[in-house]
Amino acid sequence: MTAHNSQNLSRNLFIDGPAGKLEAILAEPASPSPRGIAVIAHPHPLYGGTMNNKVVHTLFKSFLELEFITVKFNFRGVEQSEGPLYSGNDGLGEVDDVVAVAEAVTAEYASRFNSSPPLCLAGFSFGGAIQVFAAQRLKPQQVVLVAPAVERLNAPSLSFPQDMQDVQSLPRVLIIHGDQDDVVPLKTVLDWAAPQELPIVVVPGAEHFFHRRLHILKRLVLDSCRP
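Residues numbered from 1 in each chain as written. Predicted model: local features only at pLDDT ≥ 70, side-chain atom pairs only at ≥ 80, totals over all residues. Heavy atoms only, no water.

### A look at the UniProt feature "domain: Serine aminopeptidase S33" (unreviewed entry) in the protein chain
(1) Moving on: Here the UniProt feature "domain: Serine aminopeptidase S33" (unreviewed entry) sits at residues 48-151.
(2) Moving on: The annotated region residues 48-151 carries 41% helix and 16% strand content, and the separation between its end C-alpha atoms amounts to 20 Å. (UniProt positions renumbered as here; feature names shortened; annotations may be inferred. Helix = DSSP H or I, 4+ residues; strand = E, 2+ residues; numbered from the N terminus.)

This is the structure we're talking about:
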């Protein structure tokens, strides 16, 4: 993990990924006792998705305010991240990118925590679906999905424990969706969430990118993810 342009509590850095260096921005809360680590994933690389997306940035600011060590990054091949741009395969390469980022940041900050740092995975659109896959491997304490493209990527269930009595290992899940979303139709997410008994917070009047609704998105994340 190499850093540059270090400034205040936020810094640009490159993290070693499976296909090369991954461009990232990491911020630390002012609190000397952070609550955990949050990793945020951006929309589809082939449709202009980057870590500078407004929804991603809103999630980034929200988790920093919630006192998480927060990182957002560009998937392989996006802007200054190395490696081939999205090659299909249901986003398996991008899942590997998330795991690499989460493991690198966790290793760097492990000494700040008494035990394994609580992990939150958050993502928007394609990034939301990618985080569902990543959750199978990283076992986060919390998952926040905004308009997740779960049908398009055939995302698995978040209820991954084989023994369903082991509810303590299930993550807290927040799903936020706009009722005017014509990119990821609300029904596709309802159909995915219903068998898992996962509720969805529906924002009236919000389309896929939450234009003029980002303040509502931030408030929902802050209210739902406070201790």
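### Details of the side chain of Asp181
(1) Moving on: Looking at the element boundaries, Asp181 is found in the loop between β8 (172-178) and α4 (186-193).
(2) Moving on: Although buried, Asp181 forms no salt bridge, and the nearest oppositely charged side chain, Arg152, lies 7.1 Å from it.
(3) Moving on: Within the structure, the side chain of Asp181 is placed 3.3 Å from the side chain of His177, a separation counted as a polar contact.
(4) Moving on: Ignoring anything within four residues of it in the chain, the contact list for Asp181 reads Ala147, Leu186, Ala206, Glu207 and His208. (Buried < 20%, exposed > 50% of the residue type's maximum accessible area, 1.4 Å probe, protein only. Lys, Arg positive; Asp, Glu negative; His and termini not counted. Salt bridge = Lys/Arg side-chain N within 4 Å of Asp/Glu carboxyl O. Polar contact = N/O pair within 3.5 Å; in protein donor to acceptor, adjacent residues only side chain to side chain. Contact = heavy atoms within 4.5 Å.)

### A look at the pairing of strand β2 (residues 10-17)
The two faces of the sheet receive side chains in turn, since in a regular strand these alternate between them.
(1) Moving on: Direction of pairing for β2 relative to strand β3 (residues 20-27): antiparallel, over a ladder of eight bridges. From the neighbouring strand, Leu13 faces β3, where its bridge partner is Ala24.
(2) Moving on: Here β2 hands over to β3 after two residues, the two strands then running antiparallel side by side. (Pairing = 2+ DSSP bridges.)

### A look at the nonpolar core
(1) Moving on: One finds Val39, Val98, Val105 and Trp192 to be the most contacted residues of the largest nonpolar core, which totals 47 residues.
(2) Moving on: Among the elements that make up this core, the one with the highest residue count is helix α3 (residues 126-138) (eight residues).
(3) Moving on: When sequence neighbours within four positions are dropped, the list of residues in contact with Trp192 reads Val132, Leu145, Val150, Ala155, Pro156, Ser157, Leu158, Ile175 and Leu198. (Core = buried A, V, L, I, M, F, W, Y, C linked by side-chain atoms within 4.5 Å.)

### Thoughts on the packing of helix α2 (residues 92-109) against α3
(1) Moving on: In contact at an axis separation of 9 Å, α2 and α3 are set at 60° when each is read in the N-to-C sense. Seen from above, α2 lies across α3 with right-handed handedness. Mapping the contact onto sequence places Glu94, Val95, Asp96, Val98, Val99, Ala102 and Glu103 in α2 and Phe126, Ile130, Gln131, Phe133, Ala134, Arg137 and Leu138 in α3.
(2) Moving on: Class assignment of the residues belonging to the contact of α2 with α3 gives a composition of nine nonpolar, one polar and four charged. (Axes fitted to C-alpha atoms, helices over the stretch in contact; angles between N-to-C directions. Left-handed = near helix turned anticlockwise from the far one by under 90°. Nonpolar A, V, L, I, M, F, W, Y, C, P; charged D, E, K, R; others polar.)

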